[in-house]
Amino acid sequence: MNNLKRTWWKESVVYQIYPRSFQDSNGDGIGDIPGIISRLDYLKALGVDIIWLSPVYESPNDDNGYDISNYQSIMDDFGTIADWEALLEGLHSRGMKLIMDLVVNHSSDEHVWFAESRKSKDNPYRDYYIWRDGKDGKEPNNWSSFFSGPAWELDETTGQYFLHLFSKKQPDLNWENEKVRREVYEMMTWWLDKGIDGFRMDVINLISKVEGLPDAAGEGQYNFGGDYFMNGPRIHEFLQEMNREVLSKYDIMTVGETIGVTPEDAIQYVGEDRGELSMVFQFELMDIDSGPGGKWNVQPWTLSAFKRIMSKWQNDMYGKGWNSLYLNNHDQPRMVSRFGHDGEFRKVSAKMLATLLHTLQGTPYIYQGEELGMTNVRFESIAQYRDIETLNMFKEYREAGHSVENIMASIYSKGRDNARTPMQWDTTAHGGFTAGTPWLSVNPNYKEINVAEALSDPDSVFHYYRRLIEIRKQQDVIVYGKYEALLEQDERIYAYTRTLGEERLLVVLNFYEATVTFELPTTVAYTSFEQLIGNYSAAEHTDLQRLELRPYEAQLFKLR
Ligand code: NOJ
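Residues numbered from 1 in each chain as written. Predicted model: local features only at pLDDT ≥ 70, side-chain atom pairs only at ≥ 80, totals over all residues. Heavy atoms only, no water.

### Observations concerning the pairing of strand β8 (residues 160-163)
Test applied: Throughout this description, buried means an accessible area under 20% of the type-specific maximum (1.4 Å probe, protein chains only), exposed means over 50%, and partly exposed covers the range between. To qualify as a helix, a DSSP run of H or I must reach at least 4 residues; to qualify as a strand, a run of E must reach at least 2; elements of each kind are numbered from the N terminus. Paired strands, in this sense, are two strands between which DSSP finds at least two bridges.
By the alternation rule, side chains of β8 split into Q160 and F162 and Y161 and L163, which are all buried. Inspection of the sheet shows strand β7 (residues 152-155) paired to β8 by four bridges, in the antiparallel sense. Bridged to L154 within β8 is Y161. The turn linking β7 back onto β8 is made up of four residues, and G159 within it adopts a positive phi angle of 70 degrees.

### Things to note about the UniProt feature "domain: Glycosyl hydrolase family 13 catalytic" (unreviewed entry) in the protein
For clarity, the threshold we go by: UniProt positions are given in the numbering used here, feature names are shortened, and annotations may be inferred rather than shown by experiment.
The UniProt record marks residues 16-420 with the feature "domain: Glycosyl hydrolase family 13 catalytic" (unreviewed entry), using the residue numbering of this structure. Here residues 16-420 runs as 31% helix and 14% strand, with 12 Å between its end C-alpha atoms.

### Here we look at the sheet that holds β7
In space, the three strands of this open sheet follow the order β6-β8-β7, with antiparallel pairing throughout. One side of each edge strand has no neighbouring strand; the edge strands of this open sheet are β6 (131-132) and β7. Here β6 runs beside β8; their pairing, made up of two bridges, is antiparallel. Opposite W131, over in β8, you have F162 as the bridge partner.

### Concerning the pairing of strand β9 (residues 198-201)
Formally: By the criterion used throughout, a crossover qualifies as right-handed when its path from the first strand across the helix to the second strand runs clockwise, the strands pointing away from the viewer.
The side-chain alternation of β9 yields two buried faces, one formed by G198 and R200 and the other by F199 and M201. Looking at chain direction, β9 and strand β10 (residues 253-257) are connected through four bridges and run parallel. Bridge pairing links G198 to M253 in β10. In the classification by handedness, the crossover that spans β9, the intervening helix α6 (residues 235-245) and the parallel β10 is right-handed.

### Quick look at helix α3 (residues 81-93)
Rule in force here: To estimate how far a helix should extend, the number of its residues minus one is multiplied by 1.5 Å. Any pair of residues with heavy atoms lying within 4.5 Å of one another is described as a contacting pair.
The terminal C-alpha atoms of α3 lie 18 Å apart, and with 13 residues this matches the ideal 18 Å at 1.5 Å per residue to within 8%. Looking at the buried side of α3, the elements it contacts are α1 (33-37), α2 (40-46), β2 (50-53), β4 (70-74), β5 (97-102) and α5 (178-193). One or two positions beyond α3, positive phi appears at G95, with a value near 80 degrees.

### Describing the sheet that holds strand β16 (residues 482-486)
What counts is decided by this rule: Note on method: axes are straight lines fitted to C-alpha atoms, helices fitted across the in-contact stretch only, with angles between N-to-C directions ranging 0 to 180 degrees.
In spatial order, the strands read β16-β17-β18-β22-β20; together these five strands make up an open sheet with antiparallel pairing. A strand with exactly one partner marks an edge of an open sheet, and here the two such strands are β16 and β20 (529-534). Strand-to-strand twist across the sheet, computed as the mean angle between neighbouring axes with direction ignored, equals 20 degrees. The pairing of β16 with strand β17 (residues 493-500) spans five bridges and is classified as antiparallel. Along β17, the bridge assignment pairs L486 with A495. Where helix α15 (residues 461-474) meets the sheet, its contacts fall on β20 and β22 (554-559), and the angle it forms with β20 comes to roughly 135 degrees.

Put into structure tokens, the structure is as follows:
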């Protein structure tokens, strides 16, 4: 055992629900809370412990709920507070927990705080947001927004600009203002007192901006200003305050979304003596296929680079802070399309990736539909897309002269709507997601990939996830064991051991679409072995020294 304390959230598996796309119950084409409630037995059958609910608060939906206009009320499209209470009760009565999304780097411009703030320079809410005068008739600085264009918007009423790192309907809150922090803590306490089990904190490492908001380096008209707002000067002070005032009073878990962090940075957020967060989401793996031009500048990735990133996080965090593990979410393409094979080897490669996710050190996060091996989507026309980031990028790149074909190719591999197409429940119209017209079309492959099919096939990706989750619960070594990578330079095989006292596991994963031979390094000693799970049913392996791994084969062995 390493020197980390045992806690329930280290031993748990999280399942993320993107409510808009999970299950519609009233035929309006938008997923809702009663829809989620109708699927709780499905989640229980999968065996997950914690549900992370993407935002369900009142919102004009410029960014699908990540633009909140009232933090203490439920979006009409999703239901009522009574529905939400029934959801919490439904989860708790089944022994599952609920964590809510906390989006407090910014609010919606339709939040009453902002409506007040923009009225006049001396409004009591003025300092809830970040207002500045323009410079030489232009924005106060040259920062770009994550969603294209400048990070500033001129507001005619007072002639000043407000900062928005995301869309112009998502003004950044001013965390320097103690009143803002108090409001946020009160709101968090209100939800915690309702009995929730924690928070996922949206871009939480962006809340502290460098004083003076200096210009970003770069050649463009607008440039990424991350140096001046990622892990900013007061970030740890703010989070420690939040922990002291709110989090420490409850037995909960927290996971911070932290872009651009290294393991060293991460330990500052999650070190057990730090009094900040339980764990963070890192982005290094998600950036593996981004070129110098950023996320849309898609480049091929290599397995050695993939392993280098994973090993770095496994090793550097070991004994110091807890990892989160994810291969996709509502902002990322589907993992099987990105890191596996979404054609002939779809099922087997989805299981291989699942084996990785469930056998590293950290808390695994499953994104809805991942447990079915759901894939990316390729809509013909940009008119079929809904995501603000994708639509803004399309416009900006078209204006800059890129061809539609090239832009669509980037969208097919990286666009966020890949993950947001509705959950595929069965073979009926729209995959059983809605009786109406879905807000975003269902992936046409729903007739082949859906829950009904997965539940009835003992060999499905779903049942494989279920077994992995069970195995993780039986094997302490998966949760607490030390990781050691093997064959680090190999471009086809990812192999590692996990060790806890006398217990030892060997994980062997073929990331390649043909048969490859694995030779066990002599440093790994054992007298006998047992297969705990594998993604090919036929022909068990009898000789560990030399394994012929079939395409995307995954094997988990217990060594003795
Ligand atoms: C990260 C969220 O995951 C993403 O969906 C959202 O667009 C941005 N933060 C802004 O809230």
